[in-house]
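Below, each chain spelled out in residue letters.
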Amino acid sequence: MGKHICLLATGGTIACEEGADGLRPVLTGEELLRAVPELARCGEIDVIELCSLDSSNLLPMHWQRMAQAIAERCGQYDGFVLTHGTDTMGYTAGALYYMLRGIGVPVALTGSMLPLTAAGTDARANLRGAFAVAASGRAGVYQAFAGRVISGNAVKKVDSTARDAFRSIGRPQAGTFALADGALTWQVSEEAQPQAGTAPQAETVPRAEMQSQAGASQAQAAPQEGPDAGTQVAFAPRFALDERVAVVKLVPGAEPRLLTALADAGYRAVIIEGYGAGGVPTAASPKNFLPAIAALRACGVRVICATQCTTGGAHLDTYEMGVLAARCGAESAGDLPLEALVPKTMLELAREGGR
Ligand code: ASP
């Protein structure tokens, strides 16, 4: 029996054509659908045009609109496909994963590194994969991209030009789809435990080639979170976000007063992207971050230590740098990528309420 799928379009490279100042999204969801007629084989498809933006211009309020659009229709469809720019797709995937926990149908985010209208585009294959996920009956929020199916809380863009631009971080890749026909293979069960990912070599699409093709046609939170959000908890969508989450990337010589300045500016959570296993410079350094962490905690600001490493996660129990930070009240980001950690923290802050 055919499925009933809802396609939500938001812009991104997949919808881009060459404009006077470079690529910009112009194609509607209807136009994307018309250009890939084989998608209709999966059944009946309705289209919602949510916005037409480069994903760098998306805000948390757009995550809310996406989540609301899906939540209010989820009884009417077998699955959802959301087309999106790749640059911030990891954040949106993370946001929807947490906002739509317990959703009973699949939600598949996709996009492409080359515009749909470009020669050799990856858009068709990615759309086929996303529709296969949406029609699969396997509930939860996923990204379908370049043959990979990745849980929404594990999506990281690791390459700015390769077609195979994403990796699953902190948990096993959820599945694969065949680029030719979108045929799906799930690789992990819903109960699978997360583990550190690896980043295989990616195929590079030279930026010049990409542009000419376009022009030619115009806290250790993760372990209890399985790769499939949909089947583990009752559906209780959450839309409230507190955006006062800042990220500080440590560099040698960074000033601890960065933290206090952010607290003074009203931020309610500061994520520190530290080195290696996480942790911060201690009293052995003239740039000791520990007093600043203690000061933030004393005024109720959350401090979360993450790592600059792509894989492996933060482990505050390994080095003094992490143990002492934790003793001052810092939490560990665990193995969550920043893309999932930021929206998760925004949701938690909103739920906690406060000033
Ligand atoms: N700048 C584009 C976007 O994120 C990149 C892409 O979609 O690949 O909207």
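The following refers to the structure shown.

## Some remarks on the overall build of the protein
Looking only at helices and strands, the protein features nine helices and 16 strands. Here the protein holds 355 residues, and 57% of them are scored as buried.

## Here we look at the sheet that holds strand E16 (residues 331–332)
A sheet is described by the order of its strands in space; here four strands give the open sequence E13-E14-E15-E16, paired in parallel fashion. Strand pairing shows two members of the sheet lacking a second neighbour, strand E13 (245–249) and E16, which therefore form its edges. Here helix H6 (residues 257–264) sits on the sheet and contacts E13 and strand E14 (269–274); the angle it forms with E13, its principal contact strand, is near 165 degrees.

## Concerning the pairing of strand E2 (residues 16–19)
Judged from the four bridges that link them, E2 and strand E3 (residues 22–25) form a sheet pairing that is antiparallel. Bridge pairing links Gly-19 to Gly-22 in E3. Here E2 folds back onto E3, and the loop between the two strands holds two residues.

## So, helix H4 (residues 123–134)
Along an α-helix, a turn takes 3.6 residues, which lines up residues three or four apart on a common side. For H4, spanning twelve residues, the distance from its first C-alpha to its last is 16 Å, which sits close to the expected 16 Å at 1.5 Å a residue. Looking at H4, one finds that the buried residues are Ala-123, Ala-125, Asn-126, Leu-127, Arg-128, Gly-129, Ala-130, Phe-131, Ala-132, Val-133 and Ala-134.

## Details of the site of the ligand
The full set of residues close to the ligand is Gly-12, Thr-13, Asp-54, Ser-55, Gly-85, Thr-86, Asp-87 and Ser-112. One of the side-chain nitrogen or oxygen atoms of Asp-87 is found 2.7 Å away from a nitrogen atom of the ligand. Take Ser-112: an N or O atom from its main chain is 3.3 Å from an oxygen atom of the ligand. Coverage of the ligand by the protein amounts to 90% of the 270 Å² it exposes when considered alone. Here the residues of the shell around the ligand sort into no nonpolar, six polar and two charged.

## Re the nonpolar core
Of all hydrophobic cores here, the largest spans 49 residues; its most connected members are Leu-8, Ile-70, Phe-80, Leu-96, Leu-100, Leu-109 and Ile-271. In contact with Ile-271, not counting residues within four places along its chain, are Val-245, Ala-246, Val-247, Val-248, Ile-304, Ala-306, Leu-338, Leu-341, Val-342 and Thr-345. Within the second largest apolar cluster, 28 residues are counted, among which are Leu-32, Ala-135, Tyr-142 and Val-188.

## Things to note about the packing of aromatic side chains
This model, assessed by the stated rule, comprises four aromatic pairs. Aromatic pair Tyr-142 and Trp-186: ring centres 5.1 Å apart, planes at 50 degrees, arrangement tilted. In this pair, Tyr-142 is assigned in strand E7 (residues 140–145) and Trp-186 in strand E12 (residues 184–186), connecting sequence segments 44 residues apart. Tyr-142 sits in the buried class, given a relative accessible area of 0%. Relative accessible area serves as the criterion here: at 25%, Trp-186 is assigned to the partly exposed category. The ring of Trp-186 has Arg-138 sitting right over it, with the charged end atom 4.2 Å from the ring centre.

## Concerning the packing of helix H2 (residues 60–71) against helix H3 (residues 89–99)
Any two packed helices are characterised by how steeply their axes cross, that is the angle between the axes, and by the distance between the axes. Packing of H2 against H3 leaves a shortest axis separation of 10 Å and a crossing angle of 45 degrees. Between H2 and H3, the angle falls in the class oblique. Viewed along their axes, H2 and H3 form a crossing whose handedness is right-handed. Contact residues: H2 offers Trp-63, Gln-64, Met-66, Ala-67 and Ile-70, while H3 offers Tyr-91, Thr-92, Ala-95, Leu-96 and Met-99. Across the contact of H2 with H3, the residue classes break down as eight nonpolar, two polar and no charged.

## Considering unusual backbone geometry
The phi dihedral of Ala-146 is positive, around 55 degrees, even though this residue is not glycine. Checked against the element boundaries, Ala-146 lands in the loop between E7 and strand E8 (148–151).

## Overview of the pattern of salt bridges
Overall, the coordinates contain 15 salt bridges when judged by the stated rule. Across the salt bridge formed by Arg-244 and Asp-242, the nearest N and O atoms sit 2.9 Å from each other. Judged by relative accessible area, Asp-242 falls into the buried class, the value being 10%. One network of salt bridges, with partners in common, ties together Arg-302, Glu-331, Lys-344, Glu-348 and Glu-352.

## Re the sheet that holds E8
Strand order in the open sheet made by the eight strands is E4-E1-E5-E6-E7-E8-E11-E12, with mixed pairing throughout. A strand with exactly one partner marks an edge of an open sheet, and here the two such strands are strand E4 (43–53) and E12. This sheet shows a mean twist of 20 degrees between the axes of neighbouring strands, independent of strand direction. As paired elements, strand E11 (residues 175–177) and E12 share three bridges and run antiparallel to each other. Within E12, the position partnered with Thr-176 by the bridge is Thr-185. In the packing of H4 onto the sheet, the strands contacted are strand E1 (3–11), E4, strand E5 (79–83), strand E6 (106–110), E7, E8, E11 and E12, and the crossing angle to E6 comes to about 170 degrees.

## Digging into H3
The element H3 is largely enclosed, with a buried count of ten among its eleven residues. Turning to H3, its buried residues number three or more, namely Met-89, Gly-90, Thr-92, Ala-93, Gly-94, Ala-95, Leu-96, Tyr-97, Tyr-98 and Met-99.

What counts as what
Residues numbered from 1 in each chain as written. Predicted model: local features only at pLDDT ≥ 70, side-chain atom pairs only at ≥ 80, totals over all residues. Heavy atoms only, no water. Helix = DSSP H or I, 4+ residues; strand = E, 2+ residues; numbered from the N terminus. Buried < 20%, exposed > 50% of the residue type's maximum accessible area, 1.4 Å probe, protein only. Pairing = 2+ DSSP bridges. Contact = heavy atoms within 4.5 Å. Axes fitted to C-alpha atoms, helices over the stretch in contact; angles between N-to-C directions. Expected span 1.5 Å × (residues − 1). Near = heavy atom within 4 Å. Polar contact = N/O pair within 3.5 Å; in protein donor to acceptor, adjacent residues only side chain to side chain. Areas by Shrake-Rupley, 256 points an atom, 1.4 Å probe, with all protein chains shown as cover. Nonpolar A, V, L, I, M, F, W, Y, C, P; charged D, E, K, R; others polar. Core = buried A, V, L, I, M, F, W, Y, C linked by side-chain atoms within 4.5 Å. Phe/Tyr/Trp six-rings, centres within 6.5 Å; stacked < 30°, edge-to-face > 60°. Lys NZ or Arg CZ within 6 Å of the ring centre and 35° of its normal. Parallel < 35°, antiparallel > 145°, perpendicular 65-115°, else oblique. Left-handed = near helix turned anticlockwise from the far one by under 90°. Salt bridge = Lys/Arg side-chain N within 4 Å of Asp/Glu carboxyl O.

Interpretation in functional terms is not warranted from these geometric data alone.
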